[in-house]
Protein chains: 2
Amino acid sequence: MTLLSRKADYALLILSYLHQNTGGGNARTVADKFGLSPSFVANILKELAHHGFVAGHRGVKGGYALARPADTITLAELLESIESGFRLTMCNPSLPDQHHEQCSLAGACTLKGPLTVVHNRLLEVLRAVTLAELFDPNGSLSQPSALLSLSLLPATTTTTCRSEPATVTQA
Amino acid sequence: MTLLSRKADYALLILSYLHQNTGGGNARTVADKFGLSPSFVANILKELAHHGFVAGHRGVKGGYALARPADTITLAELLESIESGFRLTMCNPSLPDQHHEQCSLAGACTLKGPLTVVHNRLLEVLRAVTLAELFDPNGSLSQPSALLSLSLLPATTTTTCRSEPATVTQA
DNA sequence: CGAAATAGCACTTGTCAGATACGATTACCA
DNA sequence: TGGTAATCGTATCTGACAAGTGCTATTTCG
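Residues numbered from 1 in each chain as written. Chains lettered and ligands numbered in written order. Predicted model: local features only at pLDDT ≥ 70, side-chain atom pairs only at ≥ 80, totals over all residues. Heavy atoms only, no water.

Points about the overall build of chain A
The condition that has to hold: Every helix listed is a DSSP run of H or I at least four residues long, and every strand listed is a run of E at least two residues long, numbered separately from the N terminus. To sort residues, take the accessible area from a 1.4 Å probe on protein chains only and compare it with the maximum for the residue type: under 20% means buried, over 50% means exposed, and anything in between is partly exposed. Here, residues are in contact when the closest pair of their heavy atoms is within 4.5 Å. Only the protein chains shown count as covering a residue, and every accessible area follows the Shrake-Rupley method with a 1.4 Å probe.
Helix and strand content of chain A: eight helices and two strands. Secondary structure of chain A in N-to-C order comes out as α-α-α-β-β-α-α-α-α-α. For chain A, buried positions account for 47% of its 171 residues. Of the contacts formed within chain A by residues at least 6 apart in sequence, a portion of 59% connects residues at least 24 apart. In the form shown here, chain A has an accessible surface area of approximately 8,500 Å², with 54% of it arising from carbon and sulfur atoms.

What follows is the structure, encoded as structure tokens:
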């Protein structure tokens, strides 16, 4: 289970680029920078523009730039836009009827309330993180030591996200 | 974006049934109860048994029962088993190489650290919820009002990660 | 021995993310 | 005023994986 789709992942990457290069950039520049397909990057930028996160300017010297300061955009907001809403379970709204009916179990599903609470807790975490924090190499999110020491009790998989230069073919 | 797959969703439902009926039950009984396909329920139970959450007993009077008390199982543990691990982004381990290479960006991806912090925060939330709490109709998770009012603060570095037994009981 | 249940595979189906392509539109510049 | 380069909008294809089904082996009880 992956929380961020690759699209959202790349969206973050692209936004961080636009954040650092205040002059902005066009799709091809960004694609080149990250070694991605220009069409793919263009698509993500289009979607970001459609949701008002970046502003696109057409024409020869056109390109994209952040439409809002990064510290006014929360991770929750971005995900709710890029992904189609953040749901915990399927049995919320707008579902094909048969599933809804199965889940509601004649209205006796005792899980909905508690799961909604959990959902809101997760949302809080995402709401508490702005893109500015995420992009700031000296921000509170970049000194995980204190937080990690708190959270690494039974220590599951992830821990570190392989920040090494990646043993891939590269050279 | 849906956090719980339908399988995980039904797994919770089935576990809650086994939690309430301490005598346990067989796949067909559970399927009948929830109006699901017996094969489907059997499959989920098999997987739950494989991960040690329920114990299966074969034979004519066989069936399934919880193998561990519900208050020793956290939502995080269940999800990590049922779903294939809980990741925030794709750029962790075990990826097709080309994606990995793209993500590593010659090792200059500044997002990894901060995203790992966010990931751990989310994990904290899931770790703080036990199945017993989730299944208890009178538990703290069934009175969302107080919790919501608590958690709606900007909460940047406060966090402190609710590692407490969710005793945030509305005072 | 036979019925009933789990255990373990193998398989089909359906959906959606991932990714691409192309025409329309807009803006700059000569 | 026409050409070029860029975004915009949409339509489409594809592959991976979740969702769901079925069958056979094994175990247990009567």
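Some words on the protein's contact with DNA strand D
This is how the line gets drawn: Residues are classed as near a molecule or strand on a simple rule: at least one heavy atom within 4 Å of it. In protein, a polar contact requires one atom able to donate a hydrogen and another able to accept it; more generally it is a pair of N or O atoms within 3.5 Å, and residues adjacent in sequence count only if both atoms are side-chain atoms. Residues are grouped as follows: Ala, Val, Leu, Ile, Met, Phe, Trp, Tyr, Cys and Pro are nonpolar; Asp, Glu, Lys and Arg are charged; all remaining types, including Gly, are polar.
Not every one of the 22 residues close to DNA strand D is listed here, only the nearest: Ala27, Lys46 and Tyr64 of chain A together with Arg6 and Asn43 of chain B. Restricting attention to atoms of DNA strand D within 4 Å of the protein, one finds that 67% of them are sugar or phosphate atoms. Ala27 of chain A places a main-chain nitrogen or oxygen 2.9 Å from a phosphate oxygen of DNA strand D. At 3.5 Å, a backbone N or O of Val60 of chain B approaches a base oxygen of DNA strand D. Elements supplying a minimum of two residues to the surface near DNA strand D: helix H2 (27-34), helix H3 (38-50) and strand E1 (54-57) of chain A together with helix H1 (6-20) and helix H3 (38-50) of chain B. The class makeup of the residues in the surface near DNA strand D is five nonpolar, ten polar and seven charged.

Considering the pattern of salt bridges
Residue and element names in this part refer to chain B. Heads up, the condition is: When a carboxyl oxygen of Asp or Glu lies within 4 Å of a side-chain nitrogen of Lys or Arg, that pair is called a salt bridge.
Per the counting criterion, the structure on display carries six salt bridges over all chains. Across the pair Glu47 and Lys7 runs a salt bridge whose closest N-O atoms are separated by 3.4 Å. With Glu47 in helix H3 and Lys7 in helix H1, the pair connects residues that are 40 residues apart, well separated along the chain. Among the ionic pairs, Arg68 bridges to Glu77, the shortest N-O distance being 2.8 Å.

Some words on the confidence of the model for chain A
All names here are of chain A. Stated precisely, the cut-off is as follows: The quantity called pLDDT is the predictor's confidence in a given residue, expressed from 0 to 100.
For chain A, per-residue confidence averages 75 on the pLDDT scale, and 71% of positions sit at 70 or higher. Predicted confidence in chain A is weakest over helix H5 (residues 97-104), with a mean pLDDT of 43, and strongest over helix H7 (residues 131-135), with 94. Low pLDDT, under 50, characterises residues 93-102; the predicted model gives this stretch ten contacts beyond four residues in sequence or across chains.

Structural notes on H2 of chain A
A turn of α-helix holds 3.6 residues, and therefore any two residues three or four places apart point the same way. All names here are of chain A. Let me state the cut-off plainly: The directions considered for the arc are those from the helix axis to the C-beta atoms.
The set of residues buried in H2 consists of Ala27, Val30, Ala31 and Phe34. Buried residues along H2 cover an arc of 100° about the axis, so they all sit on one side. Exposed and oriented more than 90 degrees from the buried face of H2 are Arg28, Asp32 and Lys33. Among the residues trailing H2, Gly35 stands out with phi positive, at a value near 65°.

Thoughts on the protein's contact with DNA strand C
Residues in contact with DNA strand C amount to 24 residues; listed here are only the nearest, Arg6 and Asn43 of chain A together with Ala27, Lys46 and Tyr64 of chain B. Of all DNA strand C atoms lying within 4 Å of any protein atom, the proportion belonging to sugar or phosphate reaches 71%. Within the side chain of Asn26 of chain B, one N or O atom sits 3.5 Å away from a phosphate oxygen of DNA strand C. Side-chain polar atom of Tyr64 of chain B to a phosphate oxygen of DNA strand C: 2.4 Å apart, as the coordinates give it.

Considering the nonpolar core
Stated precisely, the cut-off is as follows: Residue types Ala, Val, Leu, Ile, Met, Phe, Trp, Tyr and Cys, when buried and joined through side-chain atoms within 4.5 Å, form a set referred to as a nonpolar core. Bear in mind that the domain bounds are from an automatic or database domain assignment.
Grouped together as the largest cluster of nonpolar side chains are 96 residues, with contacts concentrated most on Leu12, Leu131 and Leu134 of chain A together with Leu12, Leu131 and Leu134 of chain B. Both of domain 1 (6-68) and domain 2 (87-162) of chain B provide at least three residues apiece to this core. Contact partners of Leu12 of chain A, with chain neighbours within four places excluded, come to Leu4, Leu75, Leu78, Leu131, Leu134 and Phe135 of chain A together with Leu111 and Leu115 of chain B.

Here's the deal with the packing of helix H1 (residues 6-20) of chain A against helix H4 (residues 75-82) of chain A
Residue and element names in this part refer to chain A. Selection rule: Axes, fitted as lines to C-alpha atoms, cover a helix only where it is in contact. Angles between the N-to-C directions of the axes lie from 0 to 180 degrees. Convention used here: angles under 35 degrees read as roughly parallel, angles over 145 as roughly antiparallel, angles from 65 to 115 as roughly perpendicular, and any remaining angle as oblique. The handedness criterion is simple: a crossing whose near helix is rotated anticlockwise from the far helix by less than a right angle is left-handed, and one whose near helix is rotated clockwise is right-handed.
With their axes 10 Å apart at the nearest point, H1 and H4 run at an angle of 130° to one another. As far as their axial angle goes, H4 and H1 are oblique. For the pair H1 and H4, the crossing hand works out as right-handed. The segment H1 lies against H4, with Lys7, Ala8, Leu12 and Leu15 engaging Leu75, Leu78, Leu79 and Ile82. Its residues placed into classes, the contact of H1 with H4 shows seven nonpolar, no polar and one charged.

So, the packing of aromatic side chains
Residues and elements named next belong to chain B. Selection criterion: Put simply, two rings from Phe, Tyr or Trp (the six-membered ring, in Trp's case) pair if the centres are within 6.5 Å, and we call them stacked under 30 degrees between planes, edge-to-face over 60, tilted for the rest.
This structure, assessed with the given rule, holds four aromatic pairs over all chains. Measuring from centroid to centroid gives 5.6 Å for Tyr10 and Phe40, while their planes differ by 85°, and the two rings are edge-to-face. A residue pair is termed long-range when its members are at least 10 positions apart, and Tyr10 in helix H1 and Phe40 in helix H3 qualify at 30 residues. In this structure Phe40 comes out as partly exposed when scored by relative accessible area, which is 32%. When the centroid spacing of 6.1 Å and the interplanar angle of 75° are considered together, the rings of Tyr17 and Phe34 count as edge-to-face. Here Tyr17, found in helix H1, pairs with Phe34, found in helix H2 (residues 27-34); they are 17 residues apart in sequence, far enough to count as distant.

Describing H4 of chain A
The element H4 of chain A is largely enclosed, with a buried count of six among its eight residues. Elements that come into contact with the buried residues of H4 of chain A comprise H1, H3, helix H6 (112-127) and H7 of chain A together with helix H6 (112-127) of chain B.

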